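Residue-level structure breakdown
Residues per chain, in single letters:
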Amino acid sequence: MTIGRYRLIGSTASPYAIKLRALLRYRRIPHDWVIMTKALREATAHVKPMLIPVLQYPDGSYRGETTTLAYDLEARHSERSVIPEDKAVGFVCDLLEDLADEWAVKPLFLYRWWDAEDQAYVSRWAAEEWSTSEAGAGSLEEVEQFRERQISRMPILGATAENKPFLDESYRRILAAFEPHVGMAKYLFGSRPSLADFAWFGQLSEMATDPTPMRIMRERAPFTDHWVRRLDDASGVDGTWYPRQQALGGFAEALLRIAGELYLPFLAANADAFAKGLERLEISVWGLSYALAPFKYQVKCLQQLRDKFAALGADDRTALKPVLERTGCWAVLAAK
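A brief structural summary. (Residues numbered from 1 in each chain as written. Predicted model: local features only at pLDDT ≥ 70, side-chain atom pairs only at ≥ 80, totals over all residues. Heavy atoms only, no water.)

**Some points on the pattern of salt bridges**
The full count for this structure, using the stated rule, is 27 salt bridges. Of the charged contacts in the structure, one is a salt bridge between Asp-94 and Lys-308, with a shortest N-O distance of 3.5 Å. One end of the pair, Asp-94, is in helix α4 (residues 87-114); the other, Lys-308, is in helix α13 (residues 296-311), with 214 residues separating them in the sequence. Residue class for Asp-94 comes out buried when judged on its relative accessible area of 9%. Given a relative accessible area of 33%, Lys-308 falls into the partly exposed group. (Salt bridge = Lys/Arg side-chain N within 4 Å of Asp/Glu carboxyl O. Helix = DSSP H or I, 4+ residues; strand = E, 2+ residues; numbered from the N terminus. Buried < 20%, exposed > 50% of the residue type's maximum accessible area, 1.4 Å probe, protein only.)

**What about the layout of surface pockets?**
Reported here for the largest pocket is a volume of approximately 1,500 Å³. Forming the boundary of the largest pocket are 44 residues, of which Tyr-16, Leu-51, Asp-101, Glu-102 and Val-105 lie nearest the centre. Elements supplying a minimum of two residues to the lining of the largest pocket: α1 (15-27), α3 (66-76), α4, α5 (116-130), α6 (140-152) and α13. Looking at the lining of the largest pocket, the element that brings in the most residues is α4, giving eleven residues. Here the lining of the largest pocket is composed, by residue class, of 23 nonpolar, seven polar and 14 charged. (1 Å grid on protein atoms, 1.4 Å probe; cavity = no way out; pocket = protein on both sides within 12 Å on 5 of 7 lines; lining within 4 Å. Points joined across faces, edges and corners; volume = space filled by probe spheres on them. Nonpolar A, V, L, I, M, F, W, Y, C, P; charged D, E, K, R; others polar.)

**Description of the sheet that holds strand β4 (residues 62-64)**
Backbone hydrogen bonds hold the strands of a sheet together, and the pairing may be parallel or antiparallel. Strand order in the open sheet made by the four strands is β2-β1-β3-β4, with mixed pairing throughout. Each having just a single partner strand, β2 (31-35) and β4 make up the two edges of the open sheet. On average, each strand axis in the sheet is inclined to that of its neighbour by 25 degrees, with strand direction left out of account. Sheet topology note: the strand β1 (residues 6-10)/β2 ladder contains five bridges and is parallel. What sits directly across from Gly-10, in β2, is Ile-35. In the packing of α3 onto the sheet, contacts are made with β1, β3 (54-56) and β4, and the angle to β4 comes to roughly 120 degrees. (Pairing = 2+ DSSP bridges. Axes fitted to C-alpha atoms, helices over the stretch in contact; angles between N-to-C directions. Contact = heavy atoms within 4.5 Å.)

**A short note on unusual backbone geometry**
For residues besides glycine, phi is generally negative; the peptide bonds are generally trans as well. That bond from Lys-48 to Pro-49 is cis: its omega, -5 degrees, falls within 30 degrees of zero. Note that the residue after Ile-52, namely Pro-53, is joined by a cis bond; omega there is 10 degrees. Examined against the element boundaries, Pro-53 turns out to sit in the loop between α2 (38-43) and β3. Positive phi, close to 75 degrees, is recorded for Glu-65, a residue that is not glycine. Mapped onto the elements of the fold, Glu-65 is located in the loop between β4 and α3. Residue classification places Glu-65 among the partly exposed residues on the basis of a relative accessible area of 34%. Even without being a glycine, Trp-286 presents a positive backbone phi close to 60 degrees. You can see Trp-286 is positioned in the loop between β5 (281-285) and β6 (288-292).

In short, geometric facts, not functional conclusions.
Spelled out as structure tokens, the structure:
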């Protein structure tokens, strides 16, 4: 690795890896992009949890988890920040990033492993890049092992026949929230992209590539399809943050409505089910049901959001209250 540069180790099939790659490009932070290999997996095995991507720092150390990495890069590099300066807007940025990272991945995973066409496309692509088995990278054996491993995880992640109508609907509502608002210089909180924009880019860029969600996006949200392709390298983009009132309306409010109707109630139900030791949580939204086993990690997600909300000053919470109440977010965030 060149002195003074970062090295981002990942896969183009990972929404989180391309999220961080696009962020590094936008911020013009010197880095090298490296595809994960079996040897690199062994070299980074001490980084927990073992997920893609892993960022190697100029001092040679390895670190993971994209949100943590993004904030650490903010502390190390001041230019072209992706965190809105306004604290109230910054909180909404954190919430919408979490919505992308933790919920949008669910329809992505479903589409990748539901139909034979998508399975064949993604398993060849991802298996060749990740190369984690004893079989040769890109071999038919490797591809089949990867496909079977991912399909076996579908029930654990809620990608089931029971949940498919709900996940289909959530994807369509996400696209409907994006389509009227995106443009050449139109992002969530201004004419410059935020951390939340890059999180959404990561998920939607993969869905703009995989066969089934790509067809849905091009039919229902062609401007969103163009937007995610441009955001892959926004190193030439300059812009400003919107004033608070503008930043909290329109685009952000459309996604906050999904957070209030779907994501935050899901997190609350998950936390309740986990606390009670239940094997299954169930929610009903938009006249559709969703059920799966509770996840400990998403208990942490809810607590982190509540802690960040509680840490805001009184004036910032007051400024947020109208839009959070309109979108159904307030009650879950403000709960003790």
